[in-house]
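Spelled out from the first residue to the last, the chains are:
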Amino acid sequence: MRNANDLPGDEISAVKSPDEIAKLRMAAHFTQKILREVLPLIKTGVSEIQIADEILQIMDSLGLESAFDTIVASGENGAQPHAVPSERKFANGDLITIDLGCKYEGYCGDMTRTFALGFVSEDFKKIYEIVKNAQIAGIQAVSDGIICRNVDAVSRGIVSEAGFGETFVHGTGHGVGRYVHEFPRVNALSEVILKNNMVIAIEPGIYIKNIGGVRIEDTIVVGGDNFYDFTKELIIL
Ligand SMILES: [Mn+2]
């Protein structure tokens, strides 16, 4: 696992000014608006690449750039945390993970939701609820003065207690600012102490090889609010 200091930024730049927070909030506003716009286009027979392209086009129409390469990962591809959109076509019963973010005046949005298409199996419903609970608990754990590894432990603990600890293969979160991944890492090794007005993403996931995955991600202000109000209840498209 990587230590906390391999990303751009430091303890000083991680604390955002009101102006920076306002820009990050706008980036989030547009990011979730774009996700809402693209959802009706997700249907059986449509490919991951088509949806990723559509997201780029919507960003373009709003005069915005993507903050990073959009992830659209369906079915077994969802088992890769950093999946690249493929020609795979959606099928009923898929879980579909979309990780996207646009930039607003140089500041990045970053959010992820996982959806089901057509129906959801009991197994998928179960892992979705575990990730949802881990993500909510991780956000609740974030406060001024907490050590990053303790935030990670809260989210990871919920996934592990449910028996899926080995499938949560990345850290719980990271700073967000001009860079979509910046200081600090929120992982099991990070001794960084969170401070008010740091902006961090919380994004636990479960990834099951050859089967699929779930990730839920929001970007929040330490001592403040969650930029995203997009539902975390499982949406069946
Ligand atoms: Mn992220």
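Residues numbered from 1 in each chain as written. Predicted model: local features only at pLDDT ≥ 70, side-chain atom pairs only at ≥ 80, totals over all residues. Heavy atoms only, no water.

Take the nonpolar core next. Counting residues in hydrophobic clusters, the biggest one holds 37 residues, and the most contacted among them are L35, I51, I55 and I98. Contributions of two or more residues to this core are made by α2 (18-38), α3 (48-61), β3 (95-100), β5 (107-108), β6 (111-116) and β9 (199-202). Examining the composition of this core, we find that 7 residues originate from one element, α2, more than from any other. For I55, the residues in contact, after removing those within four places along its chain, are I34, V38, T70, V72, I98 and L100. Formed by 16 residues, the second largest nonpolar core is a distinct cluster that contains A14, C148, L194 and M198. (Core = buried A, V, L, I, M, F, W, Y, C linked by side-chain atoms within 4.5 Å. Buried < 20%, exposed > 50% of the residue type's maximum accessible area, 1.4 Å probe, protein only. Helix = DSSP H or I, 4+ residues; strand = E, 2+ residues; numbered from the N terminus. Contact = heavy atoms within 4.5 Å.)

Let us look at the sheet that holds strand β7 (residues 173-175). In spatial order, the strands read β8-β7-β9-β12; together these 4 strands make up an open sheet with antiparallel pairing. Of all strands in the sheet, those bounded by a partner on one side alone are β8 (182-186) and β12 (218-221). Mean inter-strand twist for the sheet, computed between neighbouring axes without regard to direction, equals 25 degrees. With 3 bridges connecting them, β7 and β8 associate as antiparallel partners. Opposite G173, over in β8, you have V186 as the bridge partner. (Pairing = 2+ DSSP bridges. Axes fitted to C-alpha atoms, helices over the stretch in contact; angles between N-to-C directions.)

Before going further, it helps to examine α3. Compared with the 20 Å implied by 1.5 Å per residue over 14 residues, the 20 Å span of α3 between its first and last C-alpha is a close match. Every buried residue of α3 is accounted for by E48, I51, A52, I55, I58 and M59. All buried residues of α3 lie within an arc of 120 degrees about the axis, which places them on one face of the element. Residues of α3 that are exposed and angled more than 90 degrees away from the buried face: Q57, D60 and S61. (Expected span 1.5 Å × (residues − 1). Arc of directions from axis to C-beta.)

This paragraph deals with unusual backbone geometry. For the peptide bond that leads from F183 to P184, omega is 0 degrees, which places it in the cis range. With respect to the helices, strands and loops of the structure, P184 is situated in strand β8. Positioned with a positive phi, N197 is a non-glycine residue whose angle comes to about 75 degrees. Note that N197 resides in the loop between β8 and β9. In this structure, N210 is a non-glycine residue whose phi angle is positive, near 65 degrees. Secondary-structure assignment places N210 in the loop between β10 (205-208) and β11 (212-215). A relative accessible area of 62% places N210 in the exposed class.

Tracing the backbone shows N77 in the loop between β2 (71-74) and β3. Residues within four places of N77 in sequence aside, it is in contact with E48, A83, S86 and R88.

Once that is clear, we can look at the packing of aromatic side chains. Aromatic ring pairs are described here by two measures, namely the spacing of the ring centres and the angle between the planes. Summed over the entire model, instances satisfying the criterion amount to 2 aromatic pairs. Residues F30 and Y104 carry aromatic rings whose centres are separated by 6.0 Å and whose planes lie at 20 degrees to one another, so their mutual orientation is stacked. Of this pair, F30 sits in helix α2 while Y104 sits in strand β4 (residues 102-104), and the two are 74 residues apart along the sequence. Ring centres 6.1 Å apart and planes at 70 degrees place the aromatic pair F115 and F230 in the edge-to-face group. (Phe/Tyr/Trp six-rings, centres within 6.5 Å; stacked < 30°, edge-to-face > 60°.)

Before going further, it helps to examine the packing of α2 against α3. At a minimum axis separation of 10 Å, α2 and α3 run at an interaxial angle of 130 degrees. Relative to α3, the element α2 lies oblique. Regarding α2 and α3, the two cross each other, and that crossing is right-handed. For the pair α2 and α3, the contacting residues are I34, E37 and V38 in the first and I51, E54, I55, I58 and M59 in the second. Class assignment of the residues belonging to the contact of α2 with α3 gives a composition of 6 nonpolar, no polar and 2 charged. (Parallel < 35°, antiparallel > 145°, perpendicular 65-115°, else oblique. Left-handed = near helix turned anticlockwise from the far one by under 90°. Nonpolar A, V, L, I, M, F, W, Y, C, P; charged D, E, K, R; others polar.)

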